[in-house]
Each structure stands twice: as structure tokens, then as C-alpha cells.
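Tertiary structure, described
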Amino acid sequence: MSILVTGGVGYIGSHTVVELLNRDEDIIIVDNLVNSKPEAINRIKKITGKDFKFYEVDILDEKKLENVFKENNIESVIHFAGLKAVGESVEKPLEYYQNNVAGTLTLLKIMIKYNCKKIVFSSSATVYGDPGTPKYIEELGRGKTTNPYGTTKSMIEQILEDLYISDNSWNIAILRYFNPVGAHESGLIGEEPQGIPNNLMPFIMKVANKELDHLNVFGNDYEGTKDGTGARDYLHVVDLAIGHIKALEKLDKEKNGVFVYNLGTGTAYTVLEIVEAFKKVNNVDVPYKIAPRRNGDLAIYYADPTKAEKELGWVAKRGIEEMCRDSWNFVISNMRG
Ligand code: NAD
Ligand code: WQD
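First, a word on what this report is: a plain description of the structure on this page. Since we're looking at a predicted model, the values are computed, not measured.

Looking only at helices and strands, one finds eleven helices and 15 strands in the protein chain. Its C-alpha atoms give the protein chain a radius of gyration of 19 Å, near enough to 20 Å, the size a compact globule of 337 residues would have. Along the three orthogonal principal directions, the C-alpha set of the protein chain runs to about 55 × 45 × 40 Å. Classification of the 337 residues of the protein chain by burial places 55% in the buried group. Within the protein chain, contacts between residues separated by at least 24 positions form 80% of all contacts whose residues are at least 6 apart in sequence. With 40 positive and 47 negative side-chain charges, the protein chain shows a separation of 1 Å between the mean positions of the two kinds.

Take a look at the structure:
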């Protein structure tokens, strides 16, 4: 019996695959490589010393995806495949709805055909919208999303809930990630965005590496944060990967249901706290300038991770130093060649 990992060559997927292989799970990756490089596949094999099947397939390609189910005995799916750039989703909403929502529908349809009804889905804290409190707990439910990317996540959550209502033999875990950063300690896999990054940690990495001359800090007059800069719940990607293992274990124990969990540390760090930690841990310079606020940004939010701790036995163990150290280690050992 195998675990199918869609989007398994990507940032979070590759780290999750490493953790699965380290636990001797039999896995199969489906990825169209739209936002990842095949080199990551060799690197996963190098880290783990294990082999697995890889299919270069778009999840929208029903025939090819079905073939993967035909050729293998797939018991469960961890579904990472999707487009994830917030700004781009505003420019190209139809691509986001097509890829993320229609792609998931295609996957679910084939899963039904092959009687595979166990899925872990990559959702996001963005589905909370702006609930009026910085601490996000699962019971707050989904709010009004502020961009098409977020709306695709919210819609897919709804689709999964409706699917369960229609057939309660489904077993579904919805994981709402906060802000994943860091890389595998080997320095072999990590996040490598194309072009100028949108997210904070990849941007800092390029500034520290002198590919960009400074970081723009988007606003330093936010209320409710330590120094006026935006605060987020950053979590190490390896902790996040382990969260998926725990979620699968939970689904293996339960007969059926829809289980929603926040995956975050429960602590928010400001932009300047991250910059200072990065400089200190790695002994590098990160020049920055204060810039206007970015449209749509909230001042501060972080997870209430209590439910994941109680029900999954999952707690994020890696702190801000490891997040900064491993991010930089990936640059030194990989991006610099
Ligand atoms: P990523 O872009 O690195 O990985 C996604 C992978 O999916 C890529 O390898 C890409 O090539 C693949 N893919 C995309 N569309 C596909 C398709 N139609 N068919 C097959 N493969 C396809 O992104 P990530 O950061 O690893 O994110 C993984 C998942 O987690 C995404 O669904 C994302 O929305 C979600 N998520 C990410 C974050 C974050 O900050 N990184 C936060 C919350 C949720
Ligand atoms: C973090 C903080 C910025 C860049 C996004 C998505 C969210 C989720 C994770 C997928 C904020 C500040 C950033 C820069 C800055 N993704 N910043 N200068 O916006 O919290 O979340 O990624 O689901 O849906 O919206 O992450 O890393 O972009 O920003 O000052 O150049 O860093 O203002 O306070 P965000 P981020």
C-alpha cells in the first residue's frame, strides 16, 4: 500500500517525503514541476538513501492521473499540489481556480473511483480572513478571504466537508499552515523561489546573499506588535512535515471524519525580530529600509496550536534560530552552487 504525494517535489512536499521515507513508508510522487526542479528528487533520494516512483503528471490530466492509481495500490493521498503566490492569484484568478480547485476535483473523482478515501490537504491560515483577533483557533471557522489564492483554499475545505457529508466513509485531515520557513538540515532541499521573492524569509536569504541590495520592511507603525513591524507565526518546514505524518497516523486510527488542525508554533515574531535573529545566527548582514505597508497585510496573527497538540501529539520543536540557520545553510550549500 502506498501514499500518493501530489506536489511532492515542492518545498513542503519534499520535506514531507523525506520524513515519510525515513519512516519506511512506501510513497509515490505526482508533480508537474511547474514550481519545482527534478533535481530535488535526486536530493530526496540522497538524504534518505531510499527510492520511490515519480510521475511527471499534472493533476488536471485525468487520464494520466488515473493511470497512477491503476498502476499502484494507493491507500492515502497527501495533497500539496497547487499554485501559491498571493499576488499572482490576483493577476490570474482563473489559473488559480483552475489549477487548485479543478485539480483537486479531478484528484477526488479518481480517488473515489479507486476507493481511496483518505486525504491530508494543505490548507492555510489565510482561510481565517480577518477574524478580529490575532490568535487563530480552529473554531473561528473560515472567514472572508482577501485574494483568489486564499479563496481556492477556502473552497477546497468546503468541497472536502461536503464530500464527507455525502459519504461519511471519507477520512480527511485539513491542515492550516501558518508561515513555513527553514530547510532540511542537510542543505540539500529548501525553498528556491524563481525571480524576486514575495515572502519574507526567501527575500532575506537573497539580501544576505547580496543578490538583492536591501529588504523593504512593509510598515513599522502597526499596532499590537513589539516594534511596529508585522508579526507572524513562522514554523520550521521539518516540523510542518512531521505534522503531516501525525495527521496520517490520526486518520489511520480514526474510521472516518473531517479533522481540521492549525499547524503553527503559537508564537509571533516581527519582521525586525526575524532580521535580527538571521543576522546574529548566521553572522551576515541584512540591510533593510522601512517601506510603506503592503496592501492586504494584517498587523499580527498566530496559531492556537492546542488542538494539534492534544489530538495529534504534534508540537513544533524547532525555534527561530534553527529556522534562520537552516534557511541560510540551504543558500550556502545549494543556491551558491
Ligand atoms: P511549492 O510550489 O513549492 O510546491 C507545490 C508543488 O506542486 C510544486 O512542486 C508544483 O510543481 C506542484 N504543482 C502545482 N500545480 C500542480 C499540478 N496542477 N499538478 C501537479 N503538480 C502541481 O509550494 P509549497 O510551499 O510546498 O506548498 C505546498 C502546498 O501548501 C500548496 O498547496 C500551498 O498552497 C500550501 N501552503 C503553502 C504555504 C507556504 O507558505 N509555503 C502556506 C500555506 C499553505
Ligand atoms: C510576512 C511578514 C510582511 C516581505 C503569505 C501568504 C499566506 C501563506 C504564507 C500560503 C509580513 C513582511 C514580507 C518583504 C516584509 N501562504 N514582509 N518585506 O503575508 O504572512 O503570508 O505566506 O498559504 O497565505 O499570504 O507572509 O512572508 O509574505 O510576510 O516586510 O519583502 O513579512 O509585511 O508582515 P504572509 P510573508
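Another point: the site of ligand 1. The local shell around ligand 1 holds 26 residues, among which Ile12, Asp31, Asn35, Ser36 and Tyr149 are the closest. Here an oxygen atom of ligand 1 and a backbone polar atom of glycine 10 are 3.2 Å apart. A distance of 2.7 Å separates an oxygen atom of ligand 1 from a polar atom in the side chain of serine 36. For the shell around ligand 1, the secondary structure elements donating two or more residues are helix 1 (11-22), strand 5 (118-124) and helix 6 (148-166).

Let's shift gears to the pattern of salt bridges. Evaluated as defined, the whole model comprises 26 salt bridges. With a shortest N-O distance of 3.5 Å, lysine 118 and glutamate 75 are connected by a salt bridge. Placement of lysine 118 in strand 5 and of glutamate 75 in strand 4 (residues 74-79) is noted, with a sequence separation of 43 residues between them. Judged by relative accessible area, lysine 118 falls into the buried class, the value being 12%. Its salt-bridge partner being aspartate 297, residue arginine 232 comes within 4.0 Å of it at the nearest N-O pair. Here the residue arginine 232 occupies a position in strand 10 (residues 231-232), and aspartate 297 occupies one in the loop between strand 14 (288-291) and strand 15 (302-303), the gap between them amounting to 65 residues. Here the salt bridges do not stand alone but share partners, grouping Arg142, Glu157, Glu161 and Arg176 into one network.

Moving on: the site of ligand 2. The environment of ligand 2 is formed by 20 residues, the closest being Tyr149, Leu200, Asn216, Arg232 and Asp297. One of the side-chain N or O atoms of asparagine 199 is found 3.1 Å from an oxygen atom in ligand 2. Taking aspartate 297, its side chain carries an N or O atom lying 2.6 Å from an oxygen atom of ligand 2. If ligand 2 stood free it would expose 690 Å²; the protein chains cover 89% of that surface.

The subject of this paragraph is the packing of aromatic side chains. A full pass over the atoms with the stated rule returns six aromatic pairs. Here phenylalanine 69 and tyrosine 114 contribute two aromatic rings whose centre-to-centre distance is 5.9 Å and whose plane-to-plane angle is 40 degrees, an arrangement assigned as tilted. With phenylalanine 69 in helix 3 (residues 62-71) and tyrosine 114 in the loop between helix 5 (93-113) and strand 5, this residue pair connects regions lying 45 residues apart in the sequence. By relative accessible area, phenylalanine 69 is classed as buried at 3%. Measuring from centroid to centroid gives 5.9 Å for phenylalanine 278 and tryptophan 328, while their planes differ by 75 degrees, and the two rings are edge-to-face. Pair noted here: phenylalanine 278 is in helix 9 (residues 271-282) and tryptophan 328 is in helix 11 (residues 320-335), with a separation of 50 residues, a long-range link. There is no split in this pair, since phenylalanine 278 and tryptophan 328 are both buried. Members of the aromatic cluster, each reached through a chain of ring pairs, are Tyr128, Tyr136, Phe178 and Tyr301. The ring of tyrosine 128 has arginine 176 sitting right over it, with the charged end atom 4.8 Å from the ring centre.

Rules and cut-offs
Residues numbered from 1 in each chain as written. Chains lettered and ligands numbered in written order. Predicted model: local features only at pLDDT ≥ 70, side-chain atom pairs only at ≥ 80, totals over all residues. Heavy atoms only, no water. Helix = DSSP H or I, 4+ residues; strand = E, 2+ residues; numbered from the N terminus. Rg over C-alpha atoms; globule rule 2.2 N^0.38 Å. Buried < 20%, exposed > 50% of the residue type's maximum accessible area, 1.4 Å probe, protein only. Contact = heavy atoms within 4.5 Å. Lys, Arg positive; Asp, Glu negative; His and termini not counted. Charge placed at Lys NZ, Arg CZ, Asp CG, Glu CD. Near = heavy atom within 4 Å. Polar contact = N/O pair within 3.5 Å; in protein donor to acceptor, adjacent residues only side chain to side chain. Salt bridge = Lys/Arg side-chain N within 4 Å of Asp/Glu carboxyl O. Areas by Shrake-Rupley, 256 points an atom, 1.4 Å probe, with all protein chains shown as cover. Phe/Tyr/Trp six-rings, centres within 6.5 Å; stacked < 30°, edge-to-face > 60°. Lys NZ or Arg CZ within 6 Å of the ring centre and 35° of its normal.

No statement about biological role is implied by the geometric values presented.
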